Structures are given as C-alpha cells and as structure tokens.
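# Notes for the structure review
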Amino acid sequence: YNSRPITVTGSVHNPLTFQVIGRVRLMDALTRAGGLTLEAGSEIDVVSPNGMVRKIPAKPLLDSIAPELNIDLLGGEEVRVPNAGRVYIFGNVKSAGAFPIQDVSDSTVLKFLSLAGGLNSGGPPKAAFIVRQDPDTSVKHEIEIPMKEIVDRKSPDVPLLAHDVLY
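So, how was this worked out
Residues numbered from 1 in each chain as written. Predicted model: local features only at pLDDT ≥ 70, side-chain atom pairs only at ≥ 80, totals over all residues. Heavy atoms only, no water. Buried < 20%, exposed > 50% of the residue type's maximum accessible area, 1.4 Å probe, protein only. Helix = DSSP H or I, 4+ residues; strand = E, 2+ residues; numbered from the N terminus. Pairing = 2+ DSSP bridges. Axes fitted to C-alpha atoms, helices over the stretch in contact; angles between N-to-C directions.

### Examining the pairing of strand β7 (residues 78-81)
By the alternation rule, side chains of β7 split into V79 and V81, which are all buried, and E78 and R80, of which none is buried. Bridge analysis of strand β1 (residues 5-10) against β7 gives four bridges, and the strand direction is parallel. Its bridge partner being in β7, V8 is matched across the sheet by V79. Inspection of the sheet shows strand β4 (residues 43-47) paired to β7 by three bridges, in the antiparallel sense. Residue pairing in the sheet places V46 in a bridge with V79 of β7.

### Considering the sheet that holds β1
The five strands lie next to each other as β2-β1-β7-β4-β5, forming an open sheet whose pairing is mixed. Of all strands in the sheet, those with a lone pairing partner are β2 (16-19) and β5 (53-57), marking the two edges. Strand-to-strand twist of the sheet, defined as the mean angle between neighbouring strand axes without regard to direction, takes the value 20 degrees.

### Quick look at the sheet that holds strand β11 (residues 140-145)
Pairing within the open sheet is mixed, and its five strands lie in the order β9-β8-β12-β10-β11. Every interior strand has two partners, whereas the edge strands, β9 (97-100) and β11, have only one. Sheet topology note: the strand β10 (residues 128-133)/β11 ladder contains six bridges and is antiparallel. Residue I130 lies in a different strand from β11, and its bridge partner there is I143.

### Structural notes on unusual backbone geometry
Within the chain, R153 stands out as a residue other than glycine whose phi angle is a positive 60 degrees. Structurally, R153 is set in the loop between α4 (147-151) and β12 (165-166). Take R153: its relative accessible area is 76%, and that puts it in the exposed class. Of note in the backbone geometry, H163 takes a positive phi value of approximately 75 degrees without being a glycine. Residue placement: H163 occurs in the loop between α4 and β12. Residue classification places H163 among the exposed residues on the basis of a relative accessible area of 58%.

Right under this line is the structure:
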C-alpha cells in the first residue's frame, strides 16, 4: 500500500523500476540502472509524480561538479535519459554514419570528421555542405562549409546541430 517506485528509462544499460527504501538520490538510481550508455544525451529528465519535469545536466552531475544536482528521489518519479541528437556524415570520409552529439558546445565539423575517421584522400575537399532542417518550417537549407579555410585556420570551425547532415 505504501509503494514508492522509481522508474529509470532511456539511454541506460539496464532500465528498471525499483522501490524506494531509505534515502535514494539521482546518482543512486542511475547506478542501479547500470549507468548511462554512450548514446545518452546531455540532460536527464526527472518527472515528479505531479508531472513536473526537472532537467538535470548530465556532465556536471556525473563529474560531481555540482552536488546540488544529485537530488533526493522520494518515490513516484520517473528518471528519463533521452538519446543524444545525431549528426549524419557521408561522402568522402573513411567511416560514414550517424554520430551522437555528446557535448553541444563542442560539436563542430572538424570534430565530427575526426569521428568519421577523417577524409579518404589527402587535403580538404573542394566542397563540403551541411543540410539543416529549419525546425519551424521543416524547410531544408544547404550551408556551404569553407573546409580549406577551416583547415588552414583562416575561418572558424562550423558548429553542427542535432539532425544535421554533413557531406
């Protein structure tokens, strides 16, 4: 009758529901679920029994930089760990594919090219593009990337967003 379940779902190794016995903190719940997977996003959603959602930044929580983020869970909460957004890369790269965005502030063309194993041939390509969909209108835009200038450090690296396609 006094059930106090906590559910942990999403990008964790072992999603589960368990009963609160004693003091349970957010890190305790994530540890019971086996920790975050490599596909985990940058935020953890804690949904209270009344439906209020609290977004907790994952990196400061996991690095113990901000101990106040390790909140107490009283029971009835759902801890959701959403997947990270992905960048899709294809074309003249060694390993085309979909790569998760681990850190939104450090997601750039050069970083993702390195995740894709670099370019197949020597030197920067003559043309590189990002296809980005406008979230409001669903219109796709093609953005030209000045690869040679970026490699030569004459132009800043270009940030990438979730769902961008780089080719």
